[in-house]
Structures are given as structure tokens and as C-alpha cells.
Amino acid sequence: MIKGVIEEAEAIDWYEQHKSVEKDEEAKSIMKNAQEEEFKHFAMDLEFLLRKKPKWRAIMQNVLFKEGDIVELGEAAEEKAD
Ligand SMILES: [Fe+2]
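Since we're looking at a predicted model, the values are computed, not measured.

Each value, and the rule that gives it
- Residues numbered from 1 in each chain as written.
- Predicted model: local features only at pLDDT ≥ 70, side-chain atom pairs only at ≥ 80, totals over all residues.
- Heavy atoms only, no water.
- Axes fitted to C-alpha atoms, helices over the stretch in contact; angles between N-to-C directions.
- Helix = DSSP H or I, 4+ residues; strand = E, 2+ residues; numbered from the N terminus.
- Parallel < 35°, antiparallel > 145°, perpendicular 65-115°, else oblique.
- Left-handed = near helix turned anticlockwise from the far one by under 90°.
- Contact = heavy atoms within 4.5 Å.
- Nonpolar A, V, L, I, M, F, W, Y, C, P; charged D, E, K, R; others polar.
- 1 Å grid on protein atoms, 1.4 Å probe; cavity = no way out; pocket = protein on both sides within 12 Å on 5 of 7 lines; lining within 4 Å.
- Points joined across faces, edges and corners; volume = space filled by probe spheres on them.
- Buried < 20%, exposed > 50% of the residue type's maximum accessible area, 1.4 Å probe, protein only.
- Phe/Tyr/Trp six-rings, centres within 6.5 Å; stacked < 30°, edge-to-face > 60°.
- Lys NZ or Arg CZ within 6 Å of the ring centre and 35° of its normal.

This part takes up the packing of helix 1 (residues 2-21) against helix 2 (residues 25-52). Look at helix 1 against helix 2: their axes get within 9 Å of each other, and the N-to-C directions meet at 160 degrees. By the angle between their axes, helix 1 is roughly antiparallel relative to helix 2. Remark: the crossing between helix 1 and helix 2 carries left-handed chirality. On helix 2, the residues that touch Ile2, Gly4, Val5, Glu8, Ala9, Ala11, Ile12, Tyr15, Glu16, His18 and Lys19 of helix 1 are Lys28, Met31, Lys32, Ala34, Gln35, Glu38, Phe39, His41, Phe42, Asp45, Leu46 and Leu49. Partitioning the contact of helix 1 with helix 2 into residue classes produces twelve nonpolar, four polar and seven charged.

A few words on the layout of surface pockets. Rolled over the atoms, a probe as big as a water molecule pinpoints where empty space is left. Volume-wise, the largest pocket comes out at about 220 Å³. As for the largest pocket, its lining consists of Phe39, Phe42, Ala43, Leu46, Glu47, Leu50, Arg57, Met60, Gln61, Leu64 and Phe65. For the lining of the largest pocket, the secondary-structure elements that each account for two or more residues are helix 2 and helix 3 (54-61). Of all the elements, helix 2 adds the most residues to the lining of the largest pocket, at six residues. Of the residues that constitute the lining of the largest pocket, the class distribution is eight nonpolar, one polar and two charged.

On to unusual backbone geometry, then. Located in the positive-phi region is Phe65, a residue other than glycine, with phi close to 60 degrees. Given a relative accessible area of 84%, Phe65 falls into the exposed group.

Next up on the list: the packing of aromatic side chains. If you walk through the whole model with that rule in mind, you get two aromatic pairs. Measuring from centroid to centroid gives 5.0 Å for Trp14 and Tyr15, while their planes differ by 85 degrees, and the two rings are edge-to-face. On the accessibility criterion, Trp14 (44% relative accessible area) is partly exposed. Between Phe39 and Phe42 the ring centres are 5.8 Å apart and the planes differ by 35 degrees, which places this aromatic pair in the tilted class. Separated by three residues within a single helix, Phe39 and Phe42 lie in helix 2, roughly one turn from each other. Its guanidinium or amino end placed over the ring of Trp56, Lys53 lies 5.1 Å from that ring's centre, counting from NZ or CZ.

Structure below.
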């Protein structure tokens, strides 16, 4: 499933790059829709993985959707998880 997360992230990136150079607005809109679908896949794969990896989940719970300095949140989350 780690590979799945990577592949979904690569798909998101592919659409990001192609959207940035696409001139046709309708094509860009279709790519945006497809990219959002890939983001959903990324989220589902990641959630599956984190259900299997409690320590990784604990770290993410202390970093994601939090206000404040991201690096400080990461350092604190790592310490809490040890
Ligand atoms: Fe996908």
C-alpha cells in the first residue's frame, strides 16, 4: 500500500504539471476533476496504511490540520511518538 500512496501522489503530480501548461480551459477542467479523483485515492490508500501503522498515525495526528510552525509540530510529534 506504500507503493499505492506513491503512485497516487505521482498521478496527482502528473496532473499538476500538465494543468500548468495546458492552454485549453475545458481540458484543464477535465484534468482538475481527474486530479481530485487521484487525491481521493491517495487519501484512501494513506488512511488504510495508517490504520496498520499506529505510530505513523500518531505522528500524523500531531502534525496534520494543526496551526503553527510545521517543523516544530513535526519535531514535537516525533518526540511524543517515541
Ligand atoms: Fe488513482
